[in-house]
Amino acid sequence: MKIERTIECFIEQHHLLDREQLHLVATSGGADSVFLLLMLQQLGYRIEAVHCNFKLRGDESDRDESFVKSLCQSHDIPLHVIHFDTHTYATIHKVSIEVAARQLRYSYFEQLLQDIGAATICVAHHKDDSVETILMNLIRGTGLHGLTGIKPRNGHVVRPLLCVGRHDIEQWLKERNQPFMTDSTNLVPDIVRNQLRLDILPRLQAINHHAAENILATARRLEESAHVSDAALQSQLEALCKDNSIAISELALVPSPESLLYLWLSPYGFTPATIESIACRFTHAQAGRQWFSPTHQLTIHQGCLLLSAKAIPPLTTLHLPEPGCYIYNEGKERLRLTLLPGSHIEGSPHTVCLDASKVTFPLTLRATKAGDRFHPFGMKGSKLVSDYLTDRHVPLPAKRQQQVLVNADGRILWLVGHRPDDSFCITPHTQQTLFIQHERS
């Protein structure tokens with residue numbers, strides 16, 4: 001089959017491009033991107049090119065930009081060019097040059113796509129790139145999905161050339177005497193991908209001429225297995241996970257607790273290493289044991305694994321000199337204190353009505369601390385706040401963020417969101433009510 005027909009069939013099979021829509025083509029000036037640009041034009045797609053000059057290779061970067069401008073002009077293809085200060089970006093964001101270039105590139109692509117109403121961003125990854133990615137993931141340590149190669153589509157980014165290899169591309173360009181630029185950094189085995197391309201893959205090909213094709217064939221089979229595995233795990237997760245909680249006894253019975261935990265927790269930023277640690281310890285870890293991601297925490301609570309957003313920083317002590325509306329926690333919480341005539345009662349966890357004559361300003365809103373004790377309304381005698389919260393089955397993350405409203409003499413008026421202290425509650429003799437309402441956005 002001619003290479004043009006191979007690519008056209010691949011595009012149709014994966015529904016990558018629509019001839020009625022506009023498509024951006026990332027064009028560096030190298031063989032792969034030049035081939036992609038000219039091939040899509042030949043196949044009749046509406047395209048515009050986009051070139052990023054990262055200012056990383058001095059005169060060579062400017063040479064590539066000039067080449068792309070000339071190429072697009074000679075083929076009457078509209079071109080968008082942008083320059084980046086990649087070194088400064090990498091320094092500010094504390095990432096590698098490679099990561100900085102990728103972030104800058106795709107961020108600009110997405111913005112340009114929106115600005116001109118394009119449907120996709122076409123990039124020139126091909127078979128050999130997919131093989132390199134599989135091998136990179138393999139030597140780094142990966143799960144099933146890491147061995148399935150590069151996908152034809154990722155959001156707006158599409159890869160129409162995953163059906164052809166580097167040799168096919170260069171042969172097509174050679175037959176048409178079409179020049180292209182060579183990035184000299186790709187010829188130096190100083191990073192993992194270059195080492196794989198320049199050294200490891202040629203050795204594998206020497207052992208087996210079909211090594212690359214066989215690796216891709218294995219990746220396709222693994223992808224089919226991944227579809228089956230994902231469907232089964234998703235069904236199990238939906239059955240076991242209730243209100244962001246999974247019973248440990250039930251999780252222990254599934255065929256692969258670690259795989260199910262990965263499906264559940266990886267979207268919340270838990271790393272494979274952390275998930276592996278959880279899988280090894282969840283059946284015998286003590287209550288209160290926690291694991292963390294940048295945004296979430298997993299806690300063992302009452303025989304369950306409880307997933308919750310990571311606790312906010314400890315509450316800054318807030319002094320309340322008089323009734324009014326107090327906004328705190330960066331505007332996410334507010335406390336309203338209002339004096340009402342007579343006896344007023346309203347039942348809600350987020351409100352409390354106190355006898356104003358028994359309350360002495362200034363009040364203090366603070367986090368609970370060890371030894372805090374109060375007399376819960378409707379109960380006999382005093383109780384440690386920590387014991388009260390434990391009896392109410394309050395999860396550990398919430399206990400650590402529990403707030404109390406304290407009278408001027410240091411006595412707790414209200415365990416916020418729970419109960420007031422019995423000593424300050426409304427009685428038949430109350431003449432003025434202090435109505436307090438806690439709101440959280």
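In this report, the structure presented in the accompanying data block is examined. (Residues numbered from 1 in each chain as written. Predicted model: local features only at pLDDT ≥ 70, side-chain atom pairs only at ≥ 80, totals over all residues. Heavy atoms only, no water.)

### Section: the nonpolar core
Move 1: Counting residues in hydrophobic clusters, the biggest one holds 36 residues, and the most contacted among them are Ile 7, Leu 17, Phe 35, Leu 37, Leu 40 and Leu 161.
Move 2: When contributions to this core are tallied by element, the ones reaching two or more residues are helix H1 (3-13), helix H2 (31-42), strand S2 (46-53), helix H3 (59-74) and helix H7 (166-175).
Move 3: With eight residues, the single largest contributor to this core is H2.
Move 4: Residues contacting Leu 40, with those up to four places away along its chain left out, are Ile 11, Leu 17, Val 25, Tyr 45, Ile 47 and Cys 122.
Move 5: Of all hydrophobic cores here, the second largest spans 22 residues; its members include Trp 264, Ile 278, Ala 279 and Trp 291. (Core = buried A, V, L, I, M, F, W, Y, C linked by side-chain atoms within 4.5 Å. Buried < 20%, exposed > 50% of the residue type's maximum accessible area, 1.4 Å probe, protein only. Helix = DSSP H or I, 4+ residues; strand = E, 2+ residues; numbered from the N terminus. Contact = heavy atoms within 4.5 Å.)

### Digging into H1
Move 1: Residues of H1 that are buried include every one of Ile 3, Glu 4, Ile 7, Glu 8, Phe 10 and Ile 11, and no others. For H1, the arc enclosing every buried residue in end-on projection is 160 degrees, short of the 170-degree limit, so these residues lie on one face.
Move 2: In this fold, the buried residues of H1 make contact with H2 and H7.
Move 3: His 15 lies just past H1 and shows a positive phi near 55 degrees. (Arc of directions from axis to C-beta.)

### Here's the deal with the pattern of salt bridges
Move 1: The final tally for this structure, using the stated rule, is 24 salt bridges.
Move 2: A salt bridge links Lys 55 to Asp 62, with the nearest nitrogen and oxygen atoms 3.2 Å apart.
Move 3: A salt bridge links Glu 132 to Arg 166, with the shortest nitrogen-to-oxygen separation between them at 3.4 Å. Placement of Glu 132 in helix H6 (residues 127-140) and of Arg 166 in helix H7 is noted, with a sequence separation of 34 residues between them. Exposure class is identical for Glu 132 and Arg 166. Each is buried.
Move 4: Among the charged side chains, a network of salt bridges with common partners joins Asp 128, Asp 129, Glu 132, Arg 166, Arg 193 and Arg 197. (Salt bridge = Lys/Arg side-chain N within 4 Å of Asp/Glu carboxyl O.)

### Some thoughts on the packing of aromatic side chains
Move 1: Inspection of the entire model under this criterion finds five aromatic pairs.
Move 2: Taken together, a centroid distance of 5.5 Å and an interplanar angle of 25 degrees make the contact between Phe 54 and Phe 84 stacked. Of the two residues, Phe 54 is situated in the loop between S2 and H3 and Phe 84 in the loop between strand S3 (79-83) and helix H4 (86-93); the sequence distance between them amounts to 30 residues. Side by side, Phe 54 and Phe 84 carry an identical accessibility label, which is buried.
Move 3: Taking the centre distance of 5.6 Å and the plane angle of 85 degrees together, the rings of Phe 374 and Tyr 388 count as edge-to-face. Within this pair, whereas Phe 374 is found in strand S16 (residues 373-374), its partner Tyr 388 is found in helix H13 (residues 385-391), the two being separated by 14 residues in sequence. For the pair formed by Phe 374 and Tyr 388, the shared burial category is buried.
Move 4: A cation over a ring is seen here: Arg 19 above Tyr 45, with NZ or CZ 4.3 Å from the ring centre. (Phe/Tyr/Trp six-rings, centres within 6.5 Å; stacked < 30°, edge-to-face > 60°. Lys NZ or Arg CZ within 6 Å of the ring centre and 35° of its normal.)

### Quick notes on unusual backbone geometry
Move 1: Pro 362 follows Phe 361 through a cis peptide bond whose omega is 0 degrees.
Move 2: You can see Pro 362 is positioned in the loop between strand S14 (351-355) and strand S15 (363-367).
Move 3: Even without a glycine there, the phi angle at Gln 302 is positive, about 50 degrees.

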